[in-house]
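Structural overview
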Amino acid sequence: MLELKNIKKDYPAGDGTVHALKGIDLKFRRSEFVSILGPSGCGKTTMLNIIGGLDQYTDGDLVINGKSTKDFKDRDWDSYRNHTIGFVFQSYNLIPHQTVLQNVELALTLSGVSKAERKKRAVKALEEVGLGNQLRKRPSEMSGGQMQRVAIARALVNNPDIILADEPTGALDTETSIQVMEILKRISKDRLIIMVTHNPELAETYSSRIIRMLDGTVTDDSAPLSEKEVKLETMRDSTDQEQSRKKKKPSMSFGTAFSLSLKNLFTKKGRTTLTAFAGSIGIIGIALVLSISQGFTTYIDAIQEETLSSYPLTIEKTNTDLTALMETFMNIDSTDADHPLDKVYVKPAIYDIIDAMNNMESTENDLKSFKSYLEKEDADTDSDLHKALNGIQYSYNFDMLVYTKNVDGKILRSDTTELLQELMLEYMNVDMSSMTTMSESFGFSSDSPMMSMFSGGASSNLWEEMLAGDDGAAISDVLKNQYDVVYGDWPHNYNEIVLVLDENNELNDMALYALGLTSEEEAANMIKAATNQEEVKRNTSTWSYEEICNMEFRTILNSDCYSHDAATGLYQDLRDTDTGLQYLYDNGISLKVTGIIRPNKDTTAPMLNGSIGYTSDLTKYVVEHAKESDAIAAQLEDPATDIFTGLPFQEAKGDLDDAGKAEELRSYISTLSDTDKAALYVKMMSVPTEEELSGMVAQAVDGKSR
Ligand code: ADP
Ligand code: MG
């Protein structure tokens, strides 16, 4: 039996005190469905948090199965939260990029059960809430009601005696609320459910008991325990206690309470605040909430490491505040119309959207200084930063150019993004490259999570840099711990790479194509069939590990791609012609596949999304060798003029109006010799089609980032 004895809770507020709970006396049955009703601010959430051990009472006692909690230590609370309580919140707090199954499994990650058992239990919990056939979906593909059911499954998976739900239907419509209530009612058959709700009808229909609160006190209880019931429950409590005394203590260690820093965090900000903010903090917030509700210290560390490895903190050069734009798109300010509802009126949209886009604020980060700061701090092994970091990875604004000869004998850029763009354009008439440009003009780099949203997630980042280890190791231990080497070995040199399989030893068909293992015809057939909604035969090809390790890849230095054309005095991209590409390929740096890796069974959030992992040494090699190139030297020598067109960079003259720009061009031309003028005119005149023009624009845009 769960019993609250004269529970009081005071919060310091300003110079006074808020008496959130003013002496609550309640007893709960082992299994019943209790609804708590009451106006906002009357203390419902506070009471729930105290029952769940998320918050400490100021006075009184919480008695759990006959045992007082007055002398509970942190580890007792940890154990209580982990074994006895499950939480369901109004916001579902699911991890968006993980499947439904993974979200539920996560709650069991450190409970000491094997991966297979975890999966079994998670599947069972999901079946209980009617989602047994949606295991592989992601939260984003689900309705609110379904997400709340996942959250219930997550609360259920530890098989707790008590489930606490704080306004679980607060964000749901009536119909889906009913589904959620049905489930809660069903699971209340053999456990205690305490639910805060604002909806008296739902409470009346589904719960077996309604408790009303007002201003920190209980004003009404529809079904308090009878004296006989209390006696019965007390008896059961004492027999249970005797039995558990005979049983051995759980063999699992709960870790040494919460780590010091987290403890600080909790006492400073308050555990409840953390809970409330979980949604907005994102992944780590959720991990923290989970870890509080599951009650594990070690859990926090593991989840932090796992989630941070797949969702690292990223600091980008440009930071754009999209709030105003989002608000405009979502039309938030639509309620202040001061006209009667008798005719049809205009609502401004075009102006607002464009205005918001024009006024988007971007700030530039000083990454150069930040990098030297990081390097300095990280070199000092005693610094706080060094201790807090698991690894640092720098990305540079250039594409790793890797080519391979595919099964058709064609030299192919080993990159899924380009493939997708080409195929989409050819067969579906969708120009994805314009989407890339759009998101880049919003300030997202092409491999930011935002960008992968635009371009379809899995398609990007076929080639991915692997996190390097401390003290110059090619690969970080964080990464090595997540993956099993199924063949060969990890790379040791800059020109060595690994193939990354998923947990089922599979590679997606797009990746296979981009790695040159399947033909262009096959990819095209697939797209055509999908576009025309025809059936396709599933490709059943397989490759041996040896075949994979015999694949040949060559990386081309970005700087080698440009050759000086003596006739025009301008630079040309050798990749534009077949012979140029062949030349580059023949002189490229050969990359050897030294091993094949696969996420191991205990990894919930594997670090790599790509299919080929290369070392940071390769990045360094390419960046450093770029300095040796003629083209780059020429560009650096004359930073104002584009070496490809001979024209001044537009960037530099960004504020000029059209007339100003024309004037600028005229005065530039007047400085040219006759031959140069002729060359320029030829270049300008030879742009007959719109297609070529857009190609030039694309090249110019590209050129800036080279
Ligand atoms: P309910 O869930 O019924 O809306 P709460 O339990 O959240 O109400 O809050 C009860 C009272 O306690 C409110 O007056 C609220 O302002 C106060 N309160 C809740 N949490 C805190 C806190 N962490 N610090 C200070 N005051 C708090
Ligand atoms: Mg509340």
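Residues numbered from 1 in each chain as written. Chains lettered and ligands numbered in written order. Predicted model: local features only at pLDDT ≥ 70, side-chain atom pairs only at ≥ 80, totals over all residues. Heavy atoms only, no water.

**Looking at the pairing of strand 19 (residues 562–565)**
To keep it simple, the criterion reads: In short, DSSP must find at least two bridges between two strands for them to pair. For the purposes of this entry, the term helix denotes a DSSP run of H or I that reaches at least four residues, the term strand denotes a run of E that reaches at least two, and both are numbered from the N terminus.
Across four bridges, strand 19 lies against strand 20 (residues 570–573) in antiparallel orientation. Residue D565 lies in a different strand from strand 20, and its bridge partner there is L570. Between strand 19 and strand 20, which pair antiparallel in sequence order, lie four residues; one of them, G569, sits at a positive phi of approximately 75°.

**Here's the deal with the side chain of T197**
Selection criterion: Each residue is placed in one exposure class: buried if its accessible area under a 1.4 Å probe, protein chains only, is under 20% of its type's maximum, exposed if it is over 50%, and partly exposed if it falls in between. We call two N or O atoms a polar contact when they sit within 3.5 Å, provided that within protein one can donate a hydrogen and the other can accept it, with sequence-adjacent residues counted only if both atoms are side-chain atoms. It only takes one pair of heavy atoms within 4.5 Å for two residues to be counted as in contact.
When you line up the elements, T197 lands in the loop between strand 8 (192–196) and helix 7 (200–206). Take T197: its relative accessible area is 3%, and that puts it in the buried class. Among the polar contacts listed, one links the side chain of T197 to the backbone nitrogen of N199, at a separation of 3.0 Å. In contact with T197, not counting residues within four places along its chain, are S35, I36, L37, T169 and A203.

**A word on the nonpolar core**
Across soluble globular proteins, nonpolar side chains have a tendency to be buried as a group. Inclusion rule: Put simply, a nonpolar core is a bunch of buried Ala, Val, Leu, Ile, Met, Phe, Trp, Tyr and Cys residues held in one set by side-chain atoms that sit within 4.5 Å of each other.
Ranked by size, the top nonpolar core spans 37 residues in total, and within it L126, V129, I152 and L184 carry the most contacts. Mapped onto this core, the elements with two or more residues apiece are helix 3 (100–106), helix 4 (115–128), helix 5 (144–156), strand 7 (162–166), helix 6 (174–187), strand 8 and helix 7. Per element, the largest residue contribution to this core is seven residues, and it comes from helix 5. Apart from the residues within four sequence positions on either side, L184 is in contact with F33, I152, P168, I193 and M195. Formed by 31 residues, the second largest nonpolar core is a distinct cluster that contains L2, L26, Y57 and I162.

**Description of the sheet that holds strand 6 (residues 85–88)**
To keep things clear, this is the line we draw: The axes are straight lines fitted to the C-alpha atoms, using for helices just the contacting stretch, and the angles between their N-to-C directions are given from 0 to 180°.
A sheet is described by the order of its strands in space; here six strands give the open sequence 6-7-8-3-9-10, paired in mixed fashion. Taken across any chain shown, the strands that pair with only one partner, and hence form the sheet edges, are strand 6 and strand 10 (217–221). Within the sheet, the average angular offset between the axes of one strand and its neighbour, ignoring direction, is 20°. With five bridges connecting them, strand 7 and strand 8 associate as parallel partners. Within strand 8, the position partnered with I163 by the bridge is I193. Sitting on the sheet, helix 5 touches strand 6 and strand 7, and the angle it makes with strand 6 is about 170°.

**Some points on helix 6**
Basically, it comes down to this: A helix's residues, less one, multiplied by 1.5 Å, set its expected span. For this quantity, the arc is that covered by the directions from the helix axis to the C-beta atoms.
Between its first and last C-alpha, helix 6 extends 20 Å over 14 residues, near the 20 Å set by a 1.5 Å rise per residue. Among all positions in helix 6, only T176, S177, V180, M181, I183, L184 and I187 are buried. Considered in projection along helix 6, the buried side chains sweep an arc of 160° and stay on one side of the axis. Turned more than 90 degrees from where helix 6 packs its buried face, T174 and E175 sit exposed.

From the geometry alone we can't say anything about function, so treat these as descriptive.
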